[in-house]
Amino acid sequence: MKKFIAVLLVVLFAASVIGCPGKAGTLIGVAMPETHVQRWLKDGQSLVAEAEKLGYRAEAQFGDANQGTQNQQIQSFLTQGAKALIVGCINDGVAPVITEAAKDKVVVVAYDRIIPNSADYDYYITFNNFKVGVLQAQSIVQGLNLNSVTSAAPKYITLFAGSPTDGNAFFFFDGAMSVLNSFIDSGALVVIGPYPRTSNDRENFQRIATENWQAPIAKTRMENLLSNDARNVTLDAILAPNDTLARAILEACKADAKYRSKLPVISGQDAEYDSAMSIKNGEQYSTVFKDTAKLAEAAILLADQVLKGQTISIPGAVLATGDLAEIGNTGRKFVKAYLLDPILVTKDNLTVMLDADFYSDRLDRGIPLR
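These figures come from a predicted structure and were not determined experimentally.

Participant: Explain helix 8 (residues 215–227) residue by residue, including any values.
Facilitator: For helix 8, spanning 13 residues, the distance from its first C-alpha to its last is 19 Å, which sits close to the expected 18 Å at 1.5 Å a residue. Every buried residue belonging to helix 8 is among Ala 215, Ala 218, Arg 221, Met 222, Leu 225 and Leu 226, and all of these are buried. Down the axis, helix 8 shows its buried residues gathered within 140 degrees of arc, on one side only. Among the structural elements, strand 6 (155–159), helix 7 (202–208), strand 8 (237–239) and helix 9 (243–254) are those in contact with the buried residues of helix 8.

Participant: Tell me about the packing of helix 8 against helix 9, and please be specific about residues and values.
Facilitator: Between helix 8 and helix 9, whose axes approach to 8 Å, the crossing angle comes to 35 degrees. When you trace helix 8 past helix 9, the crossing you get is right-handed. Touching Ala 215, Ala 218, Lys 219, Met 222, Glu 223 and Leu 226 of helix 8 are Thr 244, Leu 245, Ala 248, Ile 249, Glu 251, Ala 252 and Cys 253, all from helix 9.

Participant: Outline the packing of aromatic side chains, supporting the account with residue identities and numerical values.
Facilitator: Per the stated rule, a full pass over the model turns up seven aromatic pairs. Centroid distance Trp 40 to Tyr 111: 6.5 Å. Interplanar angle 65 degrees. Geometry classified as edge-to-face. Of the two residues, Trp 40 sits in helix 2 (residues 38–53) while Tyr 111 sits in strand 4 (residues 107–111), which places them 71 residues apart along the sequence. A relative accessible area of 3% means that Trp 40 is categorised as buried. According to the relative accessible area criterion, Tyr 111 is buried, its value standing at 0%. Ring centres of Phe 289 and Phe 358 lie 4.9 Å apart, and the angle between their planes is 70 degrees; on these two criteria the pair is classed as edge-to-face. Here Phe 358 lies in the segment after helix 12 (351–355) and Phe 289 lies in strand 10 (residues 287–289), a separation of 69 residues in the sequence.

Participant: Explain the packing of helix 2 against helix 11 (residues 292–307) to me, using residue names and the numbers behind them.
Facilitator: Packing of helix 2 against helix 11 brings their axes to within 9 Å, and their N-to-C directions diverge by 45 degrees. In terms of their interaxial angle, helix 2 and helix 11 are classed as oblique. As for the relative orientation of helix 2 and helix 11, their crossing is right-handed in sense. Contacts between helix 2 and helix 11 involve Arg 39, Asp 43, Ser 46, Leu 47, Glu 50 and Ala 51 from the first element and Thr 292, Leu 295, Ala 296, Glu 297, Ala 299 and Ile 300 from the second. Across the contact of helix 2 with helix 11, the residue classes break down as six nonpolar, two polar and four charged.

Participant: Account for the pairing of strand 6, naming residues and giving values.
Facilitator: As defined by bridge partners, strand 6 adjoins strand 7 (residues 189–191) across three bridges and the pair is classed as parallel. Following the sheet pairing, Lys 155 is matched in strand 7 by Leu 189. Each parallel crossover has a hand, and the one from strand 6 via helix 6 (residues 167–186) to strand 7 is right-handed. Relative to strand 8, strand 6 runs parallel, the two being bridged by three bridges. In the strand pairing of strand 8, Thr 158 is matched with Ile 238.

Participant: Describe the pairing of strand 12 (residues 336–340), listing the residues and the values that go with them.
Facilitator: Across the five residues that make up strand 12, a large majority, four, are buried. Where strand 11 (residues 318–319) meets strand 12, two bridges bridge the pair, whose relative direction is antiparallel. The residue of strand 12 that forms the bridge with Val 318 is Leu 339.

Participant: Please give an account of unusual backbone geometry that cites residues and values.
Facilitator: Located in the positive-phi region is Ala 65, a residue other than glycine, with phi close to 55 degrees. Its location among the elements puts Ala 65 in the loop between strand 2 (57–62) and helix 3 (67–79). In this structure, Asp 112 is a non-glycine residue whose phi angle is positive, near 60 degrees. Mapped onto the secondary structure, Asp 112 falls in the loop between strand 4 and strand 5 (123–127).

Participant: Before we move on, can you summarise the environment of Lys 294 with the specific residues and values?
Facilitator: As for its placement among the helices and strands, Lys 294 is situated in helix 11. With 153 residues separating them along the chain, Lys 294 and Val 141 place their C-alpha atoms 29 Å apart.

Participant: Tell me what's going on with the nonpolar core, and back it up with residues and numbers.
Facilitator: Note that soluble globular proteins tend to have their nonpolar side chains buried in a common cluster. Counting 54 residues, the largest nonpolar core has Leu 180, Met 222 and Ile 249 as the members making the most contacts within it. The dominant element in this core, judged by the number of residues it contributes, is helix 6, at 10 residues. Judged by nonpolar contacts, the second largest core, of 31 residues, contains Ile 28, Val 48, Ala 84 and Ala 298.

Participant: Outline the layout of surface pockets, listing residues and values.
Facilitator: Its volume calculated, the largest pocket comes out at about 540 Å³. It is helix 6 that contributes the most residues to the lining of the largest pocket, four residues altogether. Considering the residues around the second largest pocket, the lining is formed by 14 residues, among which Asp 291, Lys 294, Pro 315, Gly 316 and Leu 340 are closest to the centre. The greatest single-element share of the lining of the second largest pocket, amounting to four residues, is contributed by helix 11. Of the residues that constitute the lining of the second largest pocket, the class distribution is nine nonpolar, one polar and four charged.

Rules used in this analysis
The numbers attached to residues start from 1 for each chain and follow its sequence in the written order. Only residues with pLDDT of 70 or above have their local features reported here, since the model is predicted, and side-chain atom pairs are shown and tallied only from 80 upward, although totals for entire chains, interfaces and linings are computed over all residues. Computation of side-chain values: all heavy atoms of the structure, hydrogens and water removed. The helix count covers DSSP runs of H or I at least four residues long, the strand count covers runs of E at least two residues long, and both are numbered beginning at the N terminus. By this rule, a helix spans an expected 1.5 Å times one less than how many residues it contains. A 1.4 Å probe rolled over the protein chains alone gives each residue an accessible area, and that area as a share of the maximum for its type sets the label: buried under 20%, exposed over 50%, partly exposed in between. For this quantity, the arc is that covered by the directions from the helix axis to the C-beta atoms. Two residues qualify as a contact provided that any one of their heavy atoms is within 4.5 Å of a heavy atom in the partner residue. Fitted lines through C-alpha atoms give the axes, limited to the stretch in contact for helices. The angle between two N-to-C directions lies from 0 to 180 degrees. Helix crossings get a hand from a simple test, with the near helix turned counterclockwise from the far one by less than a right angle marking a left-handed crossing and a clockwise turn marking a right-handed one. Here the aromatic set is Phe, Tyr and Trp, taking the six-membered ring for Trp, and pairing holds for ring centres within 6.5 Å; pairs whose planes are under 30 degrees apart are stacked, those over 60 apart are edge-to-face, and all others are tilted. To sort the angles, those under 35 degrees are grouped as roughly parallel, those over 145 as roughly antiparallel, those from 65 to 115 as roughly perpendicular, and the leftovers as oblique. Asp, Glu, Lys and Arg are counted as charged, while Ala, Val, Leu, Ile, Met, Phe, Trp, Tyr, Cys and Pro are counted as nonpolar; the rest, among them Gly, fall into the polar class. A pair of strands is labelled paired if DSSP reports no fewer than 2 bridges between them. Seen with the strands pointing away from the viewer, any crossover whose path from the first strand over the helix to the second strand runs clockwise is right-handed. In this text, buried Ala, Val, Leu, Ile, Met, Phe, Trp, Tyr and Cys residues form a nonpolar core when linked through side-chain atoms within 4.5 Å. Both cavities and pockets are sets of points on a 1 Å grid over the protein atoms alone; in a cavity a 1.4 Å probe fits but cannot get out, in a pocket the set is open with protein on both sides within 12 Å along at least five of seven lines, and lining residues sit with an atom within 4 Å of a point. Grid points are joined across faces, edges and corners, and a volume is the space filled by probe spheres set on the points.

This is the structure in structure tokens:
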């Protein structure tokens, strides 16, 4: 009898381990798009750490901005028996491997980028990306004191957008233009170069977009603008969609004699350390802080709750509804999109990132922000 009970306990324990996600051995695959934008490397590390906190086995791979490479990495996760995938995709070429994951009943969470043209997953977690653009534009309004500017003495701006293969780029731009268009309409703000009023103007949006968020592309375009469309004016502001591009654009401006004493007000995003230092030094004007440590924690919690069949409840995140539900539109279906709030950062509140311990891996360089 004792032997029977002992065997029964072993069987029950084994069943509980196999049937309970979160136990050691259950793999969560983390597929990030690249490492040339600083935040993705940190995101991958944070996602692995958060998964391991909940008892999962986790591995991160980085796609080097090549969708074929990322697809191979995701297929490798599936071959290893991953039960969940956290995917920051590169473009819609990821759809076939997401279909493979669905056939294997693997939970897929799109991470900070919608997985476009796919009906084979149900969850997306990101920040309120329309609001990111609103905050970027508000920083330009603030930096130029646009509410006091008239058409008699307008300010000049040029527009940049992110990668046209990244759905977030459209939300960033449309959020910004929802603020800036009224100043353009009044004549207080004059656009130099292409002016898509919204991202629906695909022809002009493509002209200001930056393929794969590549800094050299943005720098070259800025150099061309300074030599051509902006040759006879002094730009007062530049709408830049993220920090990596903002710094590249500023490099081009610094090489132009007109901007050596005063740089244009320029926006950004991601609160990269180098941009925080640039803001501190009076160069880049603003960034948008998206606490990706919290996003990583929320993404893993979401995957964990789905794997366990629990009601989804993520502290600090809201389910996108109403007009914001469009954020979850893959082009094939509407997925459940959970949104965290971004924070505008200028020179006045740089300590926000320090208070969040966002630069814990960088401050050993001895260059404090305080």
